[in-house]
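So you can see what is in the structure, the chains are spelled out below.
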Amino acid sequence: MKLHDYQLRPLCDAVRRQQLDSLGQLDSGDLSGSSRRWAKTFLKHVTHAWLSAETERKKDTWIGLVFGLKGRLHFEAITQPWLREATKAWALDDVPRRRGPTATGTVQRQINAVARLSESLRLNRSDSGADLRLLTREDITLFLNRLRYLRERGEIAASRHCEDARACRRLLSRMRTLGLTQRGQILHGLADDFCLREGDIPDDPEDTEAGRDLPLEVMRQICAHLDMIADTQNRTAIELLIDTGRRPGEIAKLPWDCLDKDGDGQPVLIYDNHKALRNGRRLPISENTAALIVTQQQRTRARFPHTPSKDLRLLPSVVTNPHGTKPMAHNTIGDQHRAWVTSLPEILVPTMVEIHGERVTKMLPFDKSKVVLYAYRHTYAQRHADAGTPVDVLKVLMDHRELGTTQRYYRIGQERRREAVDRVTTMQFDRHGKRVWRTAKALLDSEHARRAIGEVAVPYGVCTEPSNVAAGGHDCPVRFRCVGCGHFRTDISYLPDLEAYLADLLRNRERLAAFAHADGWARDEAMPSDEEITRVRRLVRRLKEDLDDLTDDDRLKIQEAVTLVRHSRQVVSLGMPRIRQPLPDVRPERSA
């Protein structure tokens, strides 16, 4: 930070006047407002100069600057000493991998998830969870129940419920891999079953699927009013955000020589992924976007003709930047973008509303607060998804390490759902394993309508019986025996479920045959019938044979369609007990 003598002089005068032994004793009450701010900043940096990671790790509040982060990290809400120290050990290992303006918030959210676990232990255990050797799987179950309770009361959102459970699972697992459960370490004595399993993590709420992309009608009207942006450089920045889907900070810090050609002579954008510390990334772009960059390069070079290209920025700051080496702040782009969007006329989009009991489409104003810089990144992903770009290719374009991260950026469009349904339902079978219908185009529309209103999800398929459909699947006289019903339909997307069900039937039959402590009628009632096993085995075989008859290309398309359909399908369980080993009683002192 630059500090001039006239700014520091009032602080020196105050220290001399008060005859202090330490700058920490300064009483800034007699200083002006600006001098107090300078004194506070000066003292903050002097204090930080004496800090290190070793001194901070012993505190319950960490100053992020010591670790290269902004803000502070708070561990005070974790009241169990063993859990708080273990979380600190995890944070010390995790923080060096974090960079960017949101890194502190990302780490703090995971610490807060452990704080919810700490709160659950404090509320449900007589010792408030102080003795880690007494913890069992039951304490994890109580924690999961509390998360659901908080969600149902509206104290946490559905997305926070999933993220907290996922974070606790990840942190507890990482603490073990860091060796914290070994002898002499913080978590020595912690039971192996004090952990969250994969099945404990609830499904992500449906509303997170849509992302934050802007509708096509909104993007058309935004692009039509780009000429209203007075500042040419800021307009270029916004156009690049729309065209490339990069993060605002990545566009703001583009170097002057960010344009290159690939092996085919097509333009490529070279940028740094600051969030993931991946520099020199290459993104294929269109000729129009490349022309936009070339024009901006010419303007920047005209402003700074003597600055070497390697030091020059494509979008240089207009403040305290005599040589063009300082990039434009992405906050500046955001502020000007917000002012421009606010000045636009109403953005009308077709919206389905209900008037007098009838659903009609009306042109209603779009909420301009949703038009933010980062929304262009979601829109970029959605645009490629709607165009049929494979998700693994889109993952590369978005420069994500995990496929799941990419999938959260877009929703599955209705056209892609319809195409997947078309492919999957061409391989639909009844309970006897006979194909219901082939690819007759005339049946497609009725099939889609039936999927919308004429069927209900049941275990391992769908039911078309009208009264059961009207009752939402709760009016079936042969409940739990769907594979023996003439209204049952299944398709290739249910093959993994049918295989698992068949294995479960065979396993239960063997266990019941060896179980000698039940009356014959009870064992016969619970024993899976040979007819059901034969029927399920026939369905599995028929589905596999039909899949094997396809070409490699068709089989790949069917597998992609199955993945899409299973992702958006309601899961229905039998809701009936299974034969399994009795769970141990973790509280034997209770009477029967």
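The structure displayed is predicted, hence computed values, not measured ones.

About the thresholds
- Residues numbered from 1 in each chain as written.
- Predicted model: local features only at pLDDT ≥ 70, side-chain atom pairs only at ≥ 80, totals over all residues.
- Heavy atoms only, no water.
- Helix = DSSP H or I, 4+ residues; strand = E, 2+ residues; numbered from the N terminus.
- Contact = heavy atoms within 4.5 Å.
- Patch = residues over 30% accessible without salt bridge, like charges linked within 9 Å, V, L, I, M, F, W, Y side chains within 5 Å.
- Areas by Shrake-Rupley, 256 points an atom, 1.4 Å probe, with all protein chains shown as cover.
- Salt bridge = Lys/Arg side-chain N within 4 Å of Asp/Glu carboxyl O.
- Pairing = 2+ DSSP bridges.
- Axes fitted to C-alpha atoms, helices over the stretch in contact; angles between N-to-C directions.
- Core = buried A, V, L, I, M, F, W, Y, C linked by side-chain atoms within 4.5 Å.
- Buried < 20%, exposed > 50% of the residue type's maximum accessible area, 1.4 Å probe, protein only.

Digging into the environment of Lys 275
Tracing the sequence through the fold places Lys 275 in the loop between strand 4 (267-273) and strand 5 (278-284). Through-space distance from the C-alpha of Lys 275 to that of Arg 97 is 10.0 Å; in sequence the pair is 178 residues apart. Filtering out sequence-adjacent residues up to four positions away, Lys 275 remains in contact with Arg 99 and Arg 247.

Some points on a nonpolar patch on the surface
A surface patch of nonpolar side chains, about 320 Å² in accessible area, is lined by Leu 23, Val 46 and Trp 50. Along the chain, the position of Val 46 falls in helix 2 (residues 33-48).

What about the sheet that holds strand 4?
Strand order in this open sheet of three strands is 3-4-5, and the pairing throughout is antiparallel. Either end of the sheet is taken by a strand with one partner, and the two such strands are strand 3 (259-261) and strand 5. Direction aside, the axes of adjacent strands within the sheet are offset by 40° on average. Direction of pairing for strand 3 relative to strand 4: antiparallel, over a ladder of three bridges. Each bridged residue has a counterpart across the sheet, and for Asp 260 the counterpart in strand 4 is Val 268.

Brief notes about the nonpolar core
Where a protein is soluble and globular, its nonpolar side chains tend to be buried together. If you look at the biggest cluster of nonpolar residues, it comprises 44 residues, and the most contacted ones within it are Leu 214, Ile 222, Trp 340 and Tyr 376. Listed by contribution, the elements that provide at least two residues to this core are helix 8 (216-224), helix 9 (232-244), helix 10 (248-252), strand 4, helix 11 (287-303), helix 12 (330-343), helix 13 (375-386) and helix 14 (391-398). Beyond its immediate sequence surroundings of up to four residues, Trp 340 is in contact with Ile 222, His 225, Leu 226, Met 228, Ile 229, Ile 238 and Tyr 376. Core analysis: the next-biggest nonpolar cluster, separate from the first, contains 41 residues, Ile 78, Ile 156, Cys 168 and Leu 196 among them.

Looking at the pattern of salt bridges
A complete count under the given rule lists 29 salt bridges for this structure. Of the charged contacts in the structure, one is a salt bridge between Arg 282 and Asp 260, with a shortest N-O distance of 3.2 Å. Linking Arg 282 in strand 5 with Asp 260 in strand 3, this pair joins segments that are 22 residues apart in sequence. Given the relative accessible area of 45%, Arg 282 is considered partly exposed.

Points about the environment of Asp 399
Take Asp 399: it is sitting in the loop between helix 14 and helix 15 (403-407). Setting aside residues no more than four positions away along its own chain, Asp 399 makes contact with Arg 246, Tyr 271, Asn 273, Arg 278 and Arg 281.

Some words on the pairing of strand 7 (residues 358-365)
Sheet topology note: the strand 6 (residues 348-355)/strand 7 ladder contains eight bridges and is antiparallel. Counterpart to Val 349 in the pairing with strand 7 is Leu 364. Where strand 6 folds back on strand 7, the antiparallel hairpin that results is connected by two residues, among which His 356 adopts a positive phi of roughly 55°.

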